[in-house]
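What follows is each chain in one-letter form.
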Amino acid sequence: MSPYLVLLRHNRNYRLLWIAQIVSELGDWFYTLTVYHLLLDLTGGKAQAVALAVILQVLPSAFAAPTAGVLNDRISRRRIMIGADLVRFFIVLGMLGVRTPSMVWLVYPLLLAETIGAAFFEPAHSSVIPNIVPENQVLAANALASITWSFCLAAGASLGGIAAVWLGRDAVFVLNACSFLLSAWLIRRMSFAEPHAAARPPLRARELVEFAPILEGIRYIRRDPRLFATVFVKGGLGLLGANNVLLPILGERVFPVKLAGLDHRRAALLGMSMLMGARGAGSLLGPLIGGFWAGENHSRLRTGIFIGFVIAAAGYVSLGASTSLAIAISAVVAAHAGSSTNWVFSSTLLQIYTDDRFRGRVFSADIGICTLVMSASSYLAGAAIDLGVPPRAFAVAIGLVMLVPAAAWALALRRRPVG
């Protein structure tokens, strides 16, 4: 833990960004689980209702990515993060209006708007890391960010289920909204140079719809084989997007937590919470172990991506074969240890390979590809389960499909080394 403690102790900007991440993401996971449960409760348990919610939480990022990338490469990324947080504060409060089945429709435009806000925030967050930490600490910074995300998922999903059961959904929505305000305040206290925006003329509205900056970014990625291969890694991870539908369904139908005094609705909510928490636990362990093994060795970062894909595949095959909640939790932990390692390693390589003035567009493309694949995977999961495909069988199918990006990455390294 020494590299992480040194980073937090001596780097005020990163420390503020890290605390903002904790506050915001804990609220997000409280909120996400509650939204999924709200939809299942008000729609009679339809998997497609959750699938549509997942799609609206990820797909808009793909369409907003070109504009978000251009904006992040033209103006202050710090200001973009603050603005996105403030907008999402009001959006999340809108969820308080969803009270009856007739109001379920309101969930979807609110999720759409919130996702667009995240589409501007996330590339800014990834792009500022090399501006606030030295290059030899970039991997540690990314690993700590991923570990924190994972901890927030594990804690937020686990405690979020308990909070929703005992405090009610409205309290969870208010808590998440307030987390965005606190995050914006913390980021506002950061102070660092942003060379990409220095001495640039004021942004013109037409630049957001012009295709020239987008084409420039595409050409930049294509002419560097390292970038071209690495920018698709998260697209491979997007195949696991079905877990956002699959894990809540498994928790509700297959692995409800049976405790004395709990009715089926609350038992199902805790089952969902346990599986989502296991996802977070795995995502926490992966970067810890992987970062210790890889160090600053770029070759190990690339090899680790292949290993991560294989572990994720094995985990979901095992999940489909699970006969108890304990085995299912272990399988989910393993699968997401592999996928989170890939997320950290690919982000680190992209930050090292990319020039600062292109970083917003590269990370917008990176996230856009991921969310596009994730949306397709989530929709397919919801449709297949509602058509009668057993959730266990679908888990096995996801695991087998994850071998495709593993093979593609191995082939890319062999035919055209990205070192």
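Above this text is the structure in question.
Every residue gets a number counted from 1 within its own chain, in the order that chain's sequence is written. The model is predicted, so local features are restricted to residues of pLDDT at least 70 and side-chain atom pairs to those at 80 or more, both for listing and for counting; the totals for chains, interfaces and linings are taken over all residues. Based on all heavy atoms of the structure, the side-chain values leave hydrogens and waters out of the count.

## What about the overall build of the protein chain?
Helix and strand definitions here come from DSSP, where helices need a minimum of 4 consecutive H or I residues and strands a minimum of 2 consecutive E residues; each element is numbered from the N-terminal end. Helices and strands together make up the secondary structure of the protein chain, namely 17 helices and 0 strands. All radius of gyration figures rest on C-alpha atoms, and the globule criterion is 2.2 Å times the number of residues raised to 0.38. Taking 419 residues into account, the globule formula puts the C-alpha radius of gyration at 22 Å, and the protein chain, at 20 Å, falls close to it. The C-alpha extent of the protein chain, read off along each of the three principal axes, is 65 × 45 × 40 Å. By residue count, 58% of the 419 residues in the protein chain fall in the buried class. Summed over its atoms, the accessible surface of the protein chain is roughly 17000 Å², and 67% of this surface lies on carbon and sulfur atoms. Placing the 35 positive and 21 negative side-chain charges of the protein chain at their respective mean positions leaves the two points 3 Å apart. Each residue is placed in one exposure class: buried if its accessible area under a 1.4 Å probe, protein chains only, is under 20% of its type's maximum, exposed if it is over 50%, and partly exposed if it falls in between. Residue burial considers only the protein chains on display, and all accessible areas are found by Shrake-Rupley using a 1.4 Å probe. Positive: Lys, Arg. Negative: Asp, Glu. His and the chain ends are not part of the count. Charge positions are represented by NZ for Lys, CZ for Arg, CG for Asp and CD for Glu.

## Remarks on the environment of Ser318
Turning to its location among the elements, Ser318 is positioned in helix α13 (residues 298–320). Under the relative-accessibility criterion, Ser318 is labelled partly exposed at 38%.

## Observations regarding the environment of Val98
By the element assignment, Val98 lies in the loop between α4 (77–93) and α5 (107–132). Given the relative accessible area of 7%, Val98 is considered buried. Put simply, Val98 and Leu39 are 59 residues apart on the chain and 9.9 Å apart in space, counted from C-alpha to C-alpha. If near-sequence neighbours (up to four positions away) are discounted, Val98 is found in contact with Leu38, Leu42, Met103, Val104, Leu106 and Val107. Only heavy atoms enter the contact rule, under which two residues are in contact if any of them lie within 4.5 Å.

## Comments concerning the packing of helix α2 (residues 12–42) against α5
Inter-axis angles, ranging from 0 to 180 degrees, are taken between N-to-C directions of lines fitted to C-alpha atoms, where helices are fitted over the stretch in contact. Contact pair α2 / α5: the axes reach a minimum separation of 13 Å and the direction vectors enclose 155 degrees. Classed by the angle they form, the pair α2 and α5 counts as roughly antiparallel. Judged by the twist between their axes, the crossing of α2 over α5 is left-handed. Contact with α2, carried on its side by Asn13, Tyr14, Leu17, Gln21, Asp28, Tyr31, Val35, Leu38 and Leu39, involves Val107, Tyr108, Leu111, Glu114, His125, Val128, Ile129 and Ile132 of α5 and no other residues of that element. Note on residue categories: nonpolar means Ala, Val, Leu, Ile, Met, Phe, Trp, Tyr, Cys or Pro, charged means Asp, Glu, Lys or Arg, and polar means any other residue, Gly included. When grouped by side-chain class, the residues that make up the contact of α2 with α5 number 12 nonpolar, 3 polar and 2 charged. Oblique is the label for every angle not falling under 35 degrees (roughly parallel), over 145 degrees (roughly antiparallel), or within 65 to 115 degrees (roughly perpendicular). Handedness of a crossing is defined here by the sense of rotation of the near helix relative to the far one, left-handed for an anticlockwise turn of less than a right angle and right-handed for a clockwise turn.

## Thoughts on the nonpolar core
By nonpolar core is meant a set of buried Ala, Val, Leu, Ile, Met, Phe, Trp, Tyr and Cys residues that side-chain atoms within 4.5 Å join together. Grouped together as the largest cluster of nonpolar side chains are 115 residues, with contacts concentrated most on Tyr14, Tyr316 and Leu319. Examining the composition of this core, we find that 13 residues originate from one element, α2, more than from any other. When near neighbours in sequence (up to four residues on either side) are disregarded, Tyr316 contacts Leu240, Asn243, Leu246, Leu247, Ala335, His336, Ala395, Val396, Ile398 and Gly399.

## Thoughts on the layout of surface pockets
The method works on a 1 Å grid over the protein atoms by themselves. A cavity is a set of points holding a 1.4 Å probe that cannot get out, a pocket is an open set with protein on both sides within 12 Å along at least five of seven lines, and residues with an atom within 4 Å of a point line them. Grid points are joined across faces, edges and corners, and a volume is the space filled by probe spheres set on the points. Taken as a whole, the largest pocket encloses approximately 360 Å³ of empty space. Together, 18 residues line the largest pocket, and Ile214, Ile218, Ile221, Arg361 and Ala365 are the ones closest to its centre. Among the elements of the structure, α3 (47–72), α8 (212–222) and α15 (359–386) are those that each provide at least two residues to the lining of the largest pocket. Residues of the lining of the largest pocket, tallied by class, amount to 12 nonpolar, 4 polar and 2 charged.

## Quick notes on the packing of α4 against helix α7 (residues 169–188)
Remark: α4 packs on α7, axes separated minimally by 8 Å, with the N-to-C direction vectors making an angle of 165 degrees. Taken together, α4 and α7 sit at an angle that is classed as roughly antiparallel. α4 and α7 meet at a crossing whose hand is left-handed. Contact with α4, carried on its side by Arg78, Met81, Ile82, Asp85, Leu86, Arg88, Phe89, Val92 and Leu93, involves Phe173, Asn176, Ala177, Cys178, Phe180, Leu181, Ser183, Ala184, Ile187 and Arg188 of α7 and no other residues of that element. Looking at side-chain class alone, the contact of α4 with α7 contains 13 nonpolar, 2 polar and 4 charged residues.

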